[in-house]
Amino acid sequence: MIKLAPSLLAADFSCLGEEIKKVYDNGAQYLHLDVMDGSFVPNISMGPGMIASIRKVCDIVFDVHLMIDDPIRYIDDFAKAGAQIITFHYEACDNHKEVIDKIHSYGIKAGMSVKPHTDANLMVPFLPDLELALVMTVQPGFGGQKFMPEAVENLKKLNRAIKALGKDMDLEVDGGINLQNASIVKDEGANVLVAGSAVFGAADVAGTVQEFLK
Ligand code: DX5
Ligand code: ZN
């Protein structure tokens, strides 16, 4: 079954509660929360304080995507803010296993991500310890970019590796996903689709969420 993870980055920040309800009420399973530090990526977005304050809106799963350097510094804060999945970048640290263990110490799920031009095979040794693998299909940092077809190779690599392990885990794609290319990534094994502008930028948000989930 496909899961939809609308990215809050594309929502109207003046009424986040209403925006979240719209996607939750129409069946979106995850809420994708993009955290950017202005260093790992050239943009700054939201922090643990904001995430903690939207936690009370509904029970949607908080899928936190950390695009920050040296992520171990902030695992405590995001776990305490209500994250149920914390994904960090392979490129952002050297202490991968330590970061995964720290996330797991909160009883929540750990994910790892690669940028489009990082070889996803580098993530394969960590798959046995992860609950989610995230393939970026744009350069991280901004919403509303165009899907990079060359990143599908990373999706194929991870799908093969996960199948070989026989592991039940999420394979998520993020960046430029819309109703047109959703079937391409789904056919390559993705089961969680992140969509920001395609969902919150749509004239009919409710209808778009339902369409993605069909
Ligand atoms: C990009 C973020 C994405 C982004 C997706 O750095 O990781 O989650 O919000 O937005 P769209 O779907 O508009 O590409
Ligand atoms: Zn993201």
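The structure this text deals with has already been given above.
Residues numbered from 1 in each chain as written. Chains lettered and ligands numbered in written order. Predicted model: local features only at pLDDT ≥ 70, side-chain atom pairs only at ≥ 80, totals over all residues. Heavy atoms only, no water.

1. Some details on the environment of Ile 85
For the record, the criterion: Helix and strand assignments follow DSSP, with helices taken as H or I runs no shorter than four residues and strands as E runs no shorter than two, numbered in order from the N terminus. Contact between two residues is taken to exist if any of their heavy atoms lie within 4.5 Å; hydrogens are not considered.
By the element assignment, Ile 85 lies in strand E4 (residues 85–89). Separated by 21 residues in sequence, Ile 85 and Val 64 place their C-alpha atoms 6.0 Å apart. Those residues in contact with Ile 85 that lie beyond four places of it in its chain are Tyr 30, Val 61, Phe 62, Asp 63, Val 64, Lys 109 and Leu 132.

2. A closer look at the pairing of E4
Along any regular strand the residues' side chains alternate between the sheet's two faces. Selection criterion: Burial here depends on accessible area, computed with a 1.4 Å probe over protein chains only, as a share of the maximum for the residue type. Under 20% is buried, over 50% is exposed, and the range in between is partly exposed. The pairing criterion is simple: DSSP has to find at least two bridges between the two strands. Crossover handedness is defined here as right-handed if the route from the first strand over the helix to the second strand goes clockwise, with the strands pointing away from the viewer.
With five of five residues buried, E4 lies mostly within the body of the structure. Pairing between strand E3 (residues 61–67) and E4: three bridges, direction parallel. Across the sheet, residue Val 64 finds its bridge partner in E4, namely Ile 86. Note that the unit made of E3, helix H3 (residues 75–81) and E4 has a crossover that is right-handed. Where E4 lies against strand E5 (residues 109–114), five bridges are found, and the strand directions are parallel. Residue pairing in the sheet places Phe 88 in a bridge with Met 112 of E5.

3. Remarks on the coordination of the zinc ion (ligand 2)
Quick note on the threshold: Here the coordinating atoms are restricted to nitrogen, oxygen and sulfur within 2.8 Å of the metal centre, or 3.2 Å for Na, K and Ca, and because water is not among them the sites may look incomplete. Only two sets of limits are used to name each site, 85 to 135 degrees for every angle of a tetrahedral four-donor site, and over 155 degrees for opposite donors with all other angles from 65 to 115 for a square planar four-donor or octahedral six-donor site, with any other site named irregular.
In this structure, His 32 (NE2), Asp 34 (OD), His 65 (ND1) and Asp 174 (OD) serve as the protein donors to the zinc ion (ligand 2), at separations of 2.0 to 2.3 Å. The site at the zinc ion (ligand 2) holds six donor atoms, and with the angles between them running 71 to 169 degrees, its shape is octahedral. Sequence positions of the donors to the zinc ion (ligand 2) reduce to the motif H-x1-D-x30-H-x108-D. Here His 32 is found in strand E2 (residues 30–36), whereas its partner Asp 174 is found in strand E7 (residues 170–174), with 142 residues between them in sequence.

4. Considerations on the sheet that holds E2
Heads up, the condition is: For helices, the fitted line uses only the C-alpha atoms of the stretch in contact; every axis is such a line through C-alpha atoms, and the angle between N-to-C directions lies from 0 to 180 degrees.
Strand order in this open sheet of eight strands is E1-E8-E7-E6-E5-E4-E3-E2, and the pairing throughout is parallel. Looking at which strands have only one partner, the edges of the open sheet turn out to be strand E1 (3–6) and E2. Strand-to-strand twist of the sheet, defined as the mean angle between neighbouring strand axes without regard to direction, takes the value 25 degrees. As paired elements, E2 and E3 share seven bridges and run parallel to each other. For Leu 33, the partnering residue across the bridge sits in E3 and is Val 64. Along the sheet, helix H5 (residues 152–165) contacts E5, strand E6 (132–136) and E7; its crossing angle with E7, the most-contacted strand, is approximately 175 degrees. On the sheet, helix H8 (residues 205–213) packs against E1 and strand E8 (192–195) and is oriented at approximately 145 degrees with respect to E1.

5. Considering the pairing of E8
Here E8 shows two buried faces, one formed by Val 192 and Val 194 and the other by Leu 193 and Ala 195. In terms of strand pairing, E1 meets E8 through four bridges, oriented parallel. Considered in E8, the bridge of Ala 5 is made with Val 194. Where E7 and E8 come together, three bridges link them in parallel fashion. If you follow Val 173 over to E8, its bridge partner there is Leu 193. Crossover E7 to E8 through helix H6 (residues 182–187) is right-handed.

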